[in-house]
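The primary structure of each chain is shown beneath.
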Amino acid sequence: MVPGMTLAKIAIEEAFHNPRDVRPLLSDPELLQQFSDRAGLTPAFYRPVLERLGEFDEIRLGEMDRGGISHAILSFTAPGIQSIIDPRRARDEAKRQNDFLAETIARHPDRYSGFAAVALQDPTAAIAELRRCVGELGFKGVLVNGYTNVDAESAAYLDEPQFDDFWSALVELDVPLYLHPRPALPSWQRGAIHGHPELFGATWGFGLETSTHVLRLIFSGLFDRHPGIKLIVGHLGEGLPAQLWRTQYNFDKNPFDKKIEKTLPDYFADNIWLTTSGNFSSQALDAAIGTVGADHIMFAVDYPYADTQLGTDWIESAPISEIDRRKIAHGNATSLFGIGQE
């Protein structure tokens, strides 16, 4: 990139929380501790993050301006709707958050778009809310925070049969699903990670949970049944690009009862996009480009969990071609979402 020039950027994994819900958390240390525990984070880290999650004007837009981010796609922060066990409450909360996000976008329509939150506790209602958000509110797709709780100890994953019609609706609407991490179930936390809260969240646990979810989707035959699916995975693929060869090699030797039509790299090339959210590593970017190609990588910060300036400075100086830099920074998002083409 030419020194002194600012690269245009679109950021697509940028979190929000309703300020009406943030205020009680910030005023009650016990609530803040519980919320932080669920996210695998400390209250000392989460307090300033929460303050920014519920702000959409001077601070957030100022950071975007300083980093050359022209547009951001906002999504309801993890664990979001997926952690609500009661289906009726989940449906109501998804609508409330989506309506709030639509109101926020309407204040800054040139700067913000949205991903829908849906209550997969009720797949039929989730389809209806998806259609409303895309068709009426103009959202760019849906973001799902990992598995959906059935109860405190068990969960439903997106490869399960009850979600097949939901995937069909996504293909029909031609919008992507962004699979975002959340902490693993308590049963997993009682395993090797027990007693090591430093490994529970984004430091390590998120990547294992989400990468395993992605492989479940592939090996279930989901992409063979619905070849038009568009799946987005953050953090430069949650470690999967570096593991694809070994995973494919050992799957071929031990497929058990699974039969898929293509190889893992094929599914990544055809159906899966990666983002740079919270993983500003040139080595990881090289692995991702070598695995899926620059056409399937998009810029994201993971605001406010990651540092905007760190991410924007990095993408401007990463040792890649200028053609790939422009694709990743804004071109691929423009093509996938039509941002700037409305």
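For the structure, check the block above.
Since the model is a prediction, treat every value here as computed from it, not as a measurement.

Draft legend 1. Up close: unusual backbone geometry. Omega for the peptide link from Ala78 to Pro79 comes to 0°, which places this bond in the cis form. As for its placement among the helices and strands, Pro79 is situated in the loop between strand E2 (69-76) and helix H5 (87-107). Along the chain, Tyr303 connects to Pro304 via a cis peptide bond; the corresponding omega equals -5°. For Pro304, the position within the fold is in the loop between strand E10 (297-298) and helix H14 (308-317). A positive phi angle, close to 55°, is found at Glu238, a residue other than glycine. Residue placement: Glu238 occurs in the loop between strand E8 (231-233) and helix H11 (240-253).

Draft legend 2. Inspection of the environment of Ala94 at higher detail. With respect to the element layout, Ala94 can be found in helix H5. Each residue touching Ala94, except ones within four places of it in the same chain, is listed here: Ile81, Ala117, Val118, Ala119 and Glu129.

Draft legend 3. Here's a closer look at the pairing of strand E4 (residues 142-145). A two-sided burial pattern is seen for E4, the buried positions comprising Val142 and Val144 on one face and Leu143 and Asn145 on the other. Pairing of E4 with strand E7 (residues 177-180) involves four bridges; the strand directions are parallel. The residue bridging Leu143 from the neighbouring strand is Tyr178, located in E7.

Draft legend 4. Region of the structure containing the nonpolar core. With 78 residues, the main nonpolar core has Phe166, Trp167, Leu177, Ile218 and Leu231 as its most contacted residues. Of the residues forming this core, the biggest block, six residues, is contributed by H5. When sequence neighbours within four positions are dropped, the list of residues in contact with Leu177 reads Val142, Val144, Leu158, Phe166, Trp167, Leu170, Lys230, Leu231 and Ile232. In this structure, Trp273, Ala300, Leu336 and Phe337 belong to the second largest nonpolar core, which totals 14 residues.

Draft legend 5. The packing of helix H1 (residues 19-27) against helix H3 (residues 43-53), seen in detail. The interhelical angle for the contact between H1 and H3, taken along N-to-C directions, is 155°, at an axis separation of 9 Å. As judged from the angle between their axes, H1 and H3 are roughly antiparallel. Crossing hand, H1 versus H3: left-handed. Contacts between H1 and H3 involve Val22, Leu25 and Leu26 from the first element and Arg47, Leu50 and Glu51 from the second. Residue composition of the contact of H1 with H3, by class: four nonpolar, no polar and two charged.

What counts and what doesn't
- Residues numbered from 1 in each chain as written.
- Predicted model: local features only at pLDDT ≥ 70, side-chain atom pairs only at ≥ 80, totals over all residues.
- Heavy atoms only, no water.
- Helix = DSSP H or I, 4+ residues; strand = E, 2+ residues; numbered from the N terminus.
- Contact = heavy atoms within 4.5 Å.
- Buried < 20%, exposed > 50% of the residue type's maximum accessible area, 1.4 Å probe, protein only.
- Pairing = 2+ DSSP bridges.
- Core = buried A, V, L, I, M, F, W, Y, C linked by side-chain atoms within 4.5 Å.
- Axes fitted to C-alpha atoms, helices over the stretch in contact; angles between N-to-C directions.
- Parallel < 35°, antiparallel > 145°, perpendicular 65-115°, else oblique.
- Left-handed = near helix turned anticlockwise from the far one by under 90°.
- Nonpolar A, V, L, I, M, F, W, Y, C, P; charged D, E, K, R; others polar.

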